[in-house]
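# Commentary on secondary and tertiary structure
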Amino acid sequence: MISYLKEILAHVPADYAELRYHERRVNAVSVRKGEPEAAQANHLAGVGVRLLDSGRWGFSSTPGSKRADIMRAIGDAATAAKAMSRTKKNLAKAKLAKGEFRPPVEDPIENHSLEEKLKLVKKAEAKARRSKKVASASSAYIEYLDKKAIVTSDGAAALLTDVKPEFRITVVAAEGTNMVTASEFAGVTGGWKDLWRYGAWEEIVEKAVKRAQRLLSAEFPKGGRMKVILSPEMVGLISHEAIGHTVEADFVLSGAITKGKIGKRVASELVTLADSGPSVHIPGASGTLLVDDEGVMTKRTVIIENGILKSYLHNRESAASFGVAPTGNARAFEYSDEPIIRMRNTYIEPGKMSLAKLLASTDRALLLEGAGGGQADANAEFMFGVQEATLIEKGKRKKTFRGVTISGNAFDVLASVDAISKEFRWALGAGYCGKFQRAKVDAGGAYVRCEAIIGGRHG
């Protein structure tokens, strides 16, 4: 495929050209209330064409990989470019990928049939539903198997293989009219054994069930600013949604709060926050990306180092605009999507203190576990739901709360950090980013003690 695309590329009359063949298989099964809800096996394949000519971008795509169809898409992209206004768009030089790339995989998921995966999902849902006080449950499994070939007119020639499976369980516990929901998931880049790295499916179901049962008798907290301990999933959620989007260079150019703050203090000196294409600390983060969709080799990009803002996230065009090297953050979800700046695996680096010591040194705080929904904006203002909050007093777990939200300005929260644990975990492996198009991402980090605004309700 690489030779085939390079031969076609040689005939493209543009300052820069990029051909990206993408074949994807998506298999998904789900069960709700004891009944199969979905069982799908989908396949798509096509070529995305992107041209830069006289400072004007043009993009087009075509299903399949026939030469005539690709040439037609090239013509459409050239026509689209001519319709754009002439500007001074340039591309920064980059370390371009050449060769074959694939993540490490333990026990390929292709060795396990869709029937086996449906059986597991059924067993997981049934196990949850048989539990005391559980009124209903749902379970799902989905896997993405990708093959890509990326060639560019300035030298990238990469063949990529990628596999991302994920598993979810959601439990509804009820006692009369009192109902609560809890969910757990696993998601990785890797194989079948990699998927259960943090625990077998039975353990994941049990964790969701016990959380739902605990929350049934939990109280709602009083609102206000207070000390909190963020679990890795809450650290990941804030790192991605409330910090990460504000340092994507396209948002920076549009006026995000981080504009003009490179080199300035934005967080506690304890905080080092990064976004990495390769999976660091623990293998298999689900946002793992070895080569981006411009054919650029990815790397670990330090965004905040010891509290100082060090870098934005770039594609080749924004890197040229800022006069820096690209960071390998250009991503496209499918062949018909144009690459845009996206995060990969976003996290806060671990500290040196054990979680046990961090808890023991805490006079009074809420331990926040289980990421919920919410929103954040370009000013880093955020509000997220939390599945479960536990009151820590004098180092001891005292009481469980439900219906908790956390809000504030993410940079103010990071400025208040006074302790970070050495325990690290990728925590949002079943997560997606929805910036204009979908993308598999991961996020996480260590346990982080800081201050934030807690909201609750009385019920």
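Residues numbered from 1 in each chain as written. Predicted model: local features only at pLDDT ≥ 70, side-chain atom pairs only at ≥ 80, totals over all residues. Heavy atoms only, no water.

As annotated in an unreviewed UniProt entry, the chain carries the name Zn-dependent protease and comes from candidate division TA06 bacterium B3_TA06.

## Re the nonpolar core
Inside soluble globular proteins, nonpolar side chains tend to come together where they are buried. Definition in use: Working definition of a nonpolar core: buried Ala, Val, Leu, Ile, Met, Phe, Trp, Tyr and Cys residues. They are joined through side-chain atoms within 4.5 Å. Each residue gets one of three labels from its accessible area relative to the maximum for its type: buried under 20%, exposed over 50%, partly exposed in between, using a 1.4 Å probe on protein chains only. Helix and strand labels come from DSSP, where a helix needs a run of H or I of at least four residues and a strand needs a run of E of at least two; each type is numbered from the N terminus. The contact criterion used throughout is that any non-hydrogen atoms of two residues lie within 4.5 Å.
Of all hydrophobic cores here, the largest spans 48 residues; its most connected members are V228, L230, I304, L366, L368, I406 and L414. Looking at this core element by element, the count peaks at six residues for helix 6 (residues 232-243). Among residues more than four places away in sequence, those in contact with L368 are V228, I229, L230, S231, M234, V386, E388, A389, V404, I406 and I454. Counting 33 residues, the second largest nonpolar core, distinct from the first, contains A128, V163, W192 and A212.

## Digging into the sheet that holds strand 11 (residues 308-309)
Strands belonging to one sheet form pairs held by backbone hydrogen bonds; the direction of such a pair is parallel or antiparallel. Operational definition: Two strands are said to pair when DSSP picks up at least two bridges between them. To define axes, lines are fitted to C-alpha atoms, for helices over the stretch in contact only, and angles between the resulting N-to-C directions are given on a 0 to 180 degree scale.
Here we have six strands laid out as an open sheet, ordered 11-10-9-14-23-20, and mixed in their pairing. Each end of this open sheet is capped by a strand with a single partner; those strands are strand 11 and strand 20 (425-426). Direction of pairing for strand 9 (residues 273-276) relative to strand 14 (residues 345-348): antiparallel, over a ladder of four bridges. Paired with L273 across the two strands is I348, which belongs to strand 14. On the sheet, helix 6 packs against strand 9, strand 10 (300-305), strand 14, strand 20 and strand 23 (442-445) and is oriented at approximately 125° with respect to strand 23.

## Observations concerning helix 1 (residues 2-9)
Defined as follows: When we speak of the arc, we mean the arc of directions from the helix axis to the C-beta atoms.
Among the residues of helix 1, those classed as buried are I2, L5, I8 and L9. Down the axis of helix 1, the smallest arc covering the buried residues is 130°, so these residues share one side. Those residues of helix 1 that are buried lie in contact with strand 1 (16-32), helix 2 (67-83), strand 5 (134-152) and strand 6 (157-175).

## Some remarks on the UniProt feature "domain: Metalloprotease TldD/E central" (unreviewed entry) in the chain
The line we're drawing: UniProt positions are given in the numbering used here, feature names are shortened, and annotations may be inferred rather than shown by experiment.
Mapped onto the present numbering, the UniProt feature "domain: Metalloprotease TldD/E central" (unreviewed entry) falls on residues 108-216. Segment residues 108-216 splits into 33% helix and 44% strand. End C-alpha atoms: 39 Å apart.

## A closer look at the packing of aromatic side chains
Short version of the rule: Classification of ring pairs rests on two measures: the distance between centres of Phe, Tyr or Trp rings, Trp counted by its six-membered ring, which must be within 6.5 Å, and the angle between planes, read as stacked under 30 degrees, edge-to-face over 60 and tilted in between. The rule is short: NZ of Lys or CZ of Arg within 6 Å of the ring centre and within 35 degrees of the ring normal puts a charge over the ring.
In total, this model carries twelve aromatic pairs according to the counting rule given. A connected cluster of aromatic rings, assembled from ring pairs, spans Y141, F167, W192 and W196. Positioned over the ring face of F333 is R24, at 4.4 Å from the centre of the ring. Across from the ring centre of Y432, 4.5 Å away, lies the NZ or CZ of K440, which sits over that ring.

## Concerning the domain arrangement of the chain
Applied cut-off: Domain delimitation follows an automatic or database domain assignment. Joining two parts hides part of their accessible area as seen by a 1.4 Å probe, and the buried area is that hidden amount summed over both. One side-chain nitrogen of Lys or Arg within 4 Å of one carboxyl oxygen of Asp or Glu is enough to make a salt bridge. Whenever two N or O atoms come within 3.5 Å, that pair is a polar contact, provided that in protein one can donate a hydrogen and the other can accept it, and provided that, for residues adjacent in sequence, both atoms are side-chain atoms. All amino acids are sorted into three groups, where Ala, Val, Leu, Ile, Met, Phe, Trp, Tyr, Cys and Pro are nonpolar, Asp, Glu, Lys and Arg are charged, and the leftover types, Gly among them, are polar.
As assigned here, the chain comprises domain 1 (1-217) and domain 2 (224-455). Taking the mean C-alpha position of each, domain 1 and domain 2 sit 21 Å from one another. Across the boundary between the two partners, domain 1 contributes 58 residues, which contact 46 residues of domain 2. Carbon and sulfur atoms supply 53% of the area buried between domain 1 and domain 2, which totals about 4100 Å² over both sides. Contact with domain 2 buries surface across domain 1, with Y198, R211 and L215 losing the most and accounting together for 14% of the total. Between domain 1 and domain 2 we count six salt bridges in total. Joining domain 1 to domain 2, the criterion identifies 26 residue pairs in polar contact (both at pLDDT 80 or more). Here the element with the most residues in the side of domain 1 that touches domain 2 is strand 7 (residues 178-187); it accounts for nine residues. Across the side of domain 1 that touches domain 2, the residue classes tally to 29 nonpolar, twelve polar and 17 charged.

## Let's talk about the environment of W192
By the secondary structure assignment, W192 is in helix 4 (residues 192-195). A residue is classified by how much of its surface remains accessible, and W192, at 9% relative accessible area, is buried. Those residues in contact with W192 that lie beyond four places of it in its chain are E106, D107, I109, H112, E116, K117, L120 and Y141.

## Notes on the side chain of S286
Mapped onto the secondary structure, S286 falls in the loop between strand 9 and strand 10. The contacts of S286, once residues within four sequence positions are left out, are K164, G187, V188, T189, N345, L428, G429, K440, V441 and D442.

## Topic: the packing of helix 1 against helix 2
Spelled out, the test is: For classification purposes, an angle smaller than 35 degrees is called roughly parallel, one larger than 145 roughly antiparallel, one from 65 to 115 roughly perpendicular, and anything else oblique. Each crossing gets its hand from how the near helix is turned against the far one by less than a right angle, where anticlockwise is left-handed and clockwise is right-handed.
Packing of helix 1 against helix 2 leaves a shortest axis separation of 11 Å and a crossing angle of 45°. Judged on the interaxial angle alone, helix 2 and helix 1 are oblique. Handedness of the helix 1/helix 2 crossing: right-handed. When helix 1 is examined against helix 2, the residues Y4, L5, E7 and I8 are found in contact with a partner set consisting of R67, I70, M71 and I74. When its residues are assigned to classes, the contact of helix 1 with helix 2 shows six nonpolar, no polar and two charged.

## Considering helix 5 (residues 201-216)
This is how the line gets drawn: A helix is expected to reach a length of 1.5 Å times the quantity of its residues less one.
Here helix 5 contains 16 residues, and its C-alpha end-to-end distance of 23 Å stays within 8% of the 22 Å for a straight helix at 1.5 Å per residue. Of the residues making up helix 5, those classed as buried are W201, I204, V205, A208, V209, R211, A212, L215 and L216. Taken end-on, helix 5 shows its buried residues confined to a sector of 160°, consistent with a single buried face.

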